[in-house]
Amino acid sequence: MTRNYKDPQYIKWRKDIRQRDDGTCQWPHCNSKKKIHAHHIKKWADFPGLRYHINNGISLCKTHHDLIKDNEENYESFFLSLILQKLKNQ
């Protein structure tokens with residue numbers, strides 16, 4: 001399935017991620033609010049059931065999003081731990 005960036009469900013998912021993360025990159029000690037991307041923790045193509053689940057997303061600035069490109073699987077547990085910590089602190 002090709003990703004449709006104009007799909008209302010996808011737009012809402014991205015908005016919910018940015019809102020939960022206060023529009024801030026979640027990479028430790030970054031805190032950038034510029035060029036924020038909603039990143040799927042578990043890949044869009046490989047996990048269709050998690051595509052729109054808020055806990056399968058994290059806000060990353062363009063710099064950190066580019067840093068993990070083509071290496072996303074190695075960051076899954078790291079990002080999930082950041083989300084878990086955020087939920088514990090709410």
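Residues numbered from 1 in each chain as written. Predicted model: local features only at pLDDT ≥ 70, side-chain atom pairs only at ≥ 80, totals over all residues. Heavy atoms only, no water.

Caption draft 1: View of the side chain of H39. Assignment of secondary structure puts H39 in strand β1 (residues 36-40). Residue classification places H39 among the buried positions, given a relative accessible area of 5%. In this view, H39 contacts W13, N56, G57, I58, L60, H65, I68, E72 and F79; residues no more than four positions away in its chain are not counted. (Helix = DSSP H or I, 4+ residues; strand = E, 2+ residues; numbered from the N terminus. Buried < 20%, exposed > 50% of the residue type's maximum accessible area, 1.4 Å probe, protein only. Contact = heavy atoms within 4.5 Å.)

Caption draft 2: Quick peek at the pairing of strand β2 (residues 57-61). Of all five residues making up β2, five are buried, and the element is well covered by its neighbours. By the alternation rule, side chains of β2 split into G57, S59 and C61 and I58 and L60, which are all buried. Looking at chain direction, β1 and β2 are connected through five bridges and run antiparallel. Bridging across to β2, H40 finds its partner in G57. (Pairing = 2+ DSSP bridges.)

Caption draft 3: Spotlight on the confidence of the model for the protein chain. Taken as a whole, the protein chain shows an average pLDDT of 94; of its residues, 99% reach a score of 70 or greater. For the protein chain, helix α3 (residues 76-88) is the element with the lowest average pLDDT, namely 93, and β2 is the one with the highest, namely 98. (pLDDT = per-residue confidence, 0-100.)

Caption draft 4: Highlighting the pattern of salt bridges. Within this structure, the stated rule accounts for five salt bridges. Between D16 and K12 there is a salt bridge, with the nearest N and O atoms lying 2.6 Å from each other. In this pair, D16 and K12 are both assigned in helix α1 (residues 8-20), four residues apart and thus about one turn of the helix distant. Overall, the relative accessible area of 22% leaves D16 in the partly exposed class. Notably, a salt bridge pairs D21 with R20, separated by 2.8 Å at the nearest N-O pair. Of the two residues, D21 and R20, both sit in the buried class. (Salt bridge = Lys/Arg side-chain N within 4 Å of Asp/Glu carboxyl O.)

Caption draft 5: Inspection of the environment of L87 at higher detail. By secondary structure assignment, the location of L87 is in helix α3. Sequence separation between L87 and I54 is 33 residues, and the spatial gap between their C-alpha atoms is 12 Å.

Caption draft 6: Representation of the nonpolar core within the structure. Core analysis: the biggest nonpolar cluster contains ten residues, these being C25, W27, I36, I41, I58, L60, C61, I68, F79 and I83. Among the elements of the structure, β2 and α3 are those that each provide at least two residues to this core. With three residues, β2 is the single largest residue contributor to this core. Excluding anything up to four places from it in sequence, I68 contacts W27, H39, L60, Y75 and F79. In terms of nonpolar packing, the next biggest core, distinct from the first, is built from five residues, Y10, W13, I17 and A38 among them. (Core = buried A, V, L, I, M, F, W, Y, C linked by side-chain atoms within 4.5 Å.)

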